[in-house]
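The primary structure of each chain is shown beneath.
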2 protein chains.
Amino acid sequence: MTGTLYGVGLGPGDPELVTRKAARLIGSARVIAYPALAGSDSLARAIAADLIPADAREIVMEVPMTPAREPAQAAYDTGAARIASELDAGHDVVCLCEGDPFFYGSFMYLHARLAPRYAVEVVPGVSSLTACAAVSGRPLVARNEVMTVLPGPLPEAELRRRLHAADTLAILKVGRHLPRLRAVLEAEGLAERAVYVERATLAEEVRLPLRDAPETAPYFSMILVTKGADPWL
Amino acid sequence: MTGTLYGVGLGPGDPELVTRKAARLIGSARVIAYPALAGSDSLARAIAADLIPADAREIVMEVPMTPAREPAQAAYDTGAARIASELDAGHDVVCLCEGDPFFYGSFMYLHARLAPRYAVEVVPGVSSLTACAAVSGRPLVARNEVMTVLPGPLPEAELRRRLHAADTLAILKVGRHLPRLRAVLEAEGLAERAVYVERATLAEEVRLPLRDAPETAPYFSMILVTKGADPWL
């Protein structure tokens, strides 16, 4: 019998936003896997730190942050091979994922490599999307409203084209694109309805009107463009 | 000192997908509030049933399911007034919300009424969106992909216009609109990439290719139109 791979969403950062199912799976795991940006600590491991058994084996996937895809793909190839060895030996593997595994999560790269050959269960987690809405007190969508989720690195022409196609916009992966995104939203008359959130639910969380956001943003940051509260009265 | 209103997301249905924070807040609550469709049991209460203290007071908001908005608004007016009485007396109130409170959640109607006057904390939950993706093994979005979330009751012309505006589509609140939505997706050449999910993570969960979906769907159902797994390899 081969083992099962669990892709476990950990939520946005606050360890209390881990689900009871994720906590149970991690707490009884014998093999844990997680990505870490090369040279950095793993946020996923930090969120789950108080749950990981002291004697669990840990498979760390060091993922280089480069514009080229090949180095990251090679890191996931290597990680998938190490996970496959454990599964072949009949051991379950719990893979830790920031946020939700299937919402811009790196677990998708392991899923693509391993789901054709092994039993895989994905445990959904609280996504950064609703966490940013919660901490900023901004309802996302109600009734028949439409929401669009856009990655910040999109080219400007595509951003502009999509900005007016929904009632609510969430722009993820803001990072170094913040000045450009702010300029586009200002030009399109949407900046006054926009809030900026970084590291939602962590101690270092920042929430600001977009106009007051810093010039440089971390990768884990988001801009929400929502309606006011009135439409829900 | 007035009390604090907590809007607590419970996730899609499996009680194990409740976060540790939600479990702590519910387990120590003295006053619990939740909506129930008039004449039905409350799904929110059912998800949290094993956590609710036996001596907690319960405020039930019976919400009529009518096309007109006024009867539901009146139910939230009454519920908000009862919650306000508890908050004025210095009692915290924990409001139970299916999924995430700010993602098509009825908590938004209480938030609009009470957040201007009282301390409100929103605790995000696992949304049906990522839960449906997890149980169907369908990654939602990666890299620079765009996702649009559409409510099923949208008029056909608007649906058609928006269908091609994103890499991934999630159509919520499918319910009685299923035959119409299926016909539109077939006409637009998207049906083969579409899966149908109802009551994700509950014992009665149903997952089917859209072509095999039943003619009548419950309110808690979704259609996901995603790419295949290949783009993530």
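Residues numbered from 1 in each chain as written. Chains lettered and ligands numbered in written order. Predicted model: local features only at pLDDT ≥ 70, side-chain atom pairs only at ≥ 80, totals over all residues. Heavy atoms only, no water.

Some thoughts on the interface of chain B and chain A
Between chain B and chain A, the residue contacts involve 58 residues of the former and 58 residues of the latter. Three residues, B:Glu16, B:Arg20 and B:Arg143, lead the burial of chain B against chain A; their summed loss comes to 16% of the area buried on that side. Taken together, the links from chain B to chain A amount to four salt bridges. With its nearest N and O atoms 2.6 Å apart, the salt bridge here joins B:Glu16 to A:Arg24. For the pair chain B and chain A, the number of links is 25 residue pairs in polar contact (both at pLDDT 80 or more). When contributions to the side of chain B that touches chain A are tallied by element, the ones reaching two or more residues are α1 (20–27), α4 (107–114), β5 (119–123), α5 (128–136), β6 (147–151) and α6 (156–163) of chain B. Its residues assigned to classes, the side of chain B that touches chain A comprises 34 nonpolar, nine polar and 15 charged. (Contact = heavy atoms within 4.5 Å. Buried area = accessible area lost by both parts, 1.4 Å probe. Salt bridge = Lys/Arg side-chain N within 4 Å of Asp/Glu carboxyl O. Polar contact = N/O pair within 3.5 Å; in protein donor to acceptor, adjacent residues only side chain to side chain. Helix = DSSP H or I, 4+ residues; strand = E, 2+ residues; numbered from the N terminus. Nonpolar A, V, L, I, M, F, W, Y, C, P; charged D, E, K, R; others polar.)

Observations regarding the relation of the copies chain B and chain A
When chain B is brought onto chain A, the operation consists of a screw motion whose angular component is 180° and whose axial shift is 0.0 Å, with 0.0 Å RMSD remaining. On the angle and the small slide along the axis, the relation comes out as a two-fold axis. An overlap of 100% is found between the interface residues of chain B and their copies at the interface of chain A, pointing to a shared contact surface. (Least-squares fit on C-alpha atoms with pLDDT ≥ 70 in both.)

Digging into the sheet that holds strand β9 (residues 206–209) of chain A
Strand pairing within a sheet occurs via backbone hydrogen bonds; the two strands may be parallel or antiparallel. The strand order across the open sheet built from 10 strands is β9(A)-β8(A)-β10(A)-β7(A)-β6(A)-β6(B)-β7(B)-β10(B)-β8(B)-β9(B), with neighbouring strands paired in mixed fashion. Strands at the two margins of the open sheet, each flanked by one partner only, are β9 of chain A together with β9 (206–209) of chain B. Averaged over all adjacent pairs, the angle separating strand axes in this sheet is 15°, with direction ignored. Two strands pair when backbone bridges link them, and strand β7 (residues 168–172) of chain B and strand β10 (residues 221–225) of chain B are joined in this way by three bridges, in the antiparallel orientation. Residue pairing for β10(B): B:Leu169 is matched across the bridge by B:Val225. Of the strands in this sheet, β6 (147–151), β7 (168–172), β8 (194–198), β9 and β10 (221–225) of chain A touch helix α5 (residues 128–136) of chain A, which is tilted by about 65° from β10(A). (Pairing = 2+ DSSP bridges. Axes fitted to C-alpha atoms, helices over the stretch in contact; angles between N-to-C directions.)

Here we look at the sheet that holds strand β5 (residues 119–123) of chain A
All names here are of chain A. As summarised here, the arrangement of the five strands in space is β3-β2-β4-β1-β5, forming an open sheet in which the pairing is parallel. The open sheet has two free edges, formed respectively by β3 (57–63) and β5, since each of these has just one partner strand. Taking the axes of each pair of neighbouring strands and ignoring which way they run, one obtains an average angle of 20° across the sheet. For strand β1 (residues 4–9) and strand β4 (residues 93–97), the ladder comprises five bridges, and the chain directions are parallel. Directly across from Val8, in β4, lies its bridge partner Leu96. Relative to the sheet, helix α3 (residues 70–88) contacts β1, β2 (31–37), β3 and β4, its axis offset from that of β3 by approximately 165°.

Let's talk about the domain arrangement of chain A
Residues and elements named next belong to chain A. Entries for chain A in the domain assignment read domain 1 (4–123) and domain 2 (128–232). Relative to domain 2, the C-alpha centre of domain 1 lies at a distance of 28 Å. Listed by partner, the interface residues are nine residues for domain 1 and 12 residues for domain 2. For the pair domain 1 and domain 2, the two sides together bury roughly 840 Å², of which 76% comes from carbon and sulfur. Of all residues in domain 1, the largest losses of buried area upon contact with domain 2 belong to Pro12, Phe103 and Tyr104, amounting jointly to 59% of the total for that side. For the pair domain 1 and domain 2, the interface holds one residue pair in polar contact (both at pLDDT 80 or more). Split into classes, the residues belonging to the side of domain 1 that touches domain 2 amount to six nonpolar, one polar and two charged. (Domains from an automatic or database assignment.)

A look at the side chain of B:Glu198
Residue and element names in this part refer to chain B. Tracing the sequence through the fold places Glu198 in strand β8 (residues 194–198). Arg199 is the oppositely charged side chain nearest to the buried, salt-bridge-free Glu198, at an N-O distance of 4.3 Å. A distance of 2.4 Å separates a polar atom in the side chain of Glu198 from a polar atom in the side chain of Tyr196. Beyond its immediate stretch of four places on either side in the chain, Glu198 contacts Glu204, Glu205, Val206, Pro214, Pro218, Phe220 and Ser221. (Buried < 20%, exposed > 50% of the residue type's maximum accessible area, 1.4 Å probe, protein only. Lys, Arg positive; Asp, Glu negative; His and termini not counted.)

Focus on the pairing of β8(B)
Two faces, one strand: in a regular strand the side chains alternate between the faces of the sheet. Residues and elements named next belong to chain B. For β8, a buried count of five out of five residues is recorded, marking the element as mostly surrounded by other parts of the structure. Of the two faces of β8, both are covered, the one formed by Ala194, Tyr196 and Glu198 as well as the one formed by Val195 and Val197. Sheet topology note: the β8/β10 ladder contains five bridges and is antiparallel. When the bridges of β10 are listed, Ala194 appears paired with Val225.

Remarks on the environment of B:Gly90
All names here are of chain B. Following the sequence through the fold, Gly90 ends up in the loop between α3 (70–88) and β4 (93–97). On the accessibility criterion, Gly90 (34% relative accessible area) is partly exposed. For the pair Gly90 and Gly3, spaced 87 residues apart in sequence, the C-alpha to C-alpha distance is 4.4 Å. The contacts of Gly90, once residues within four sequence positions are left out, are Met1, Thr2 and Gly3.

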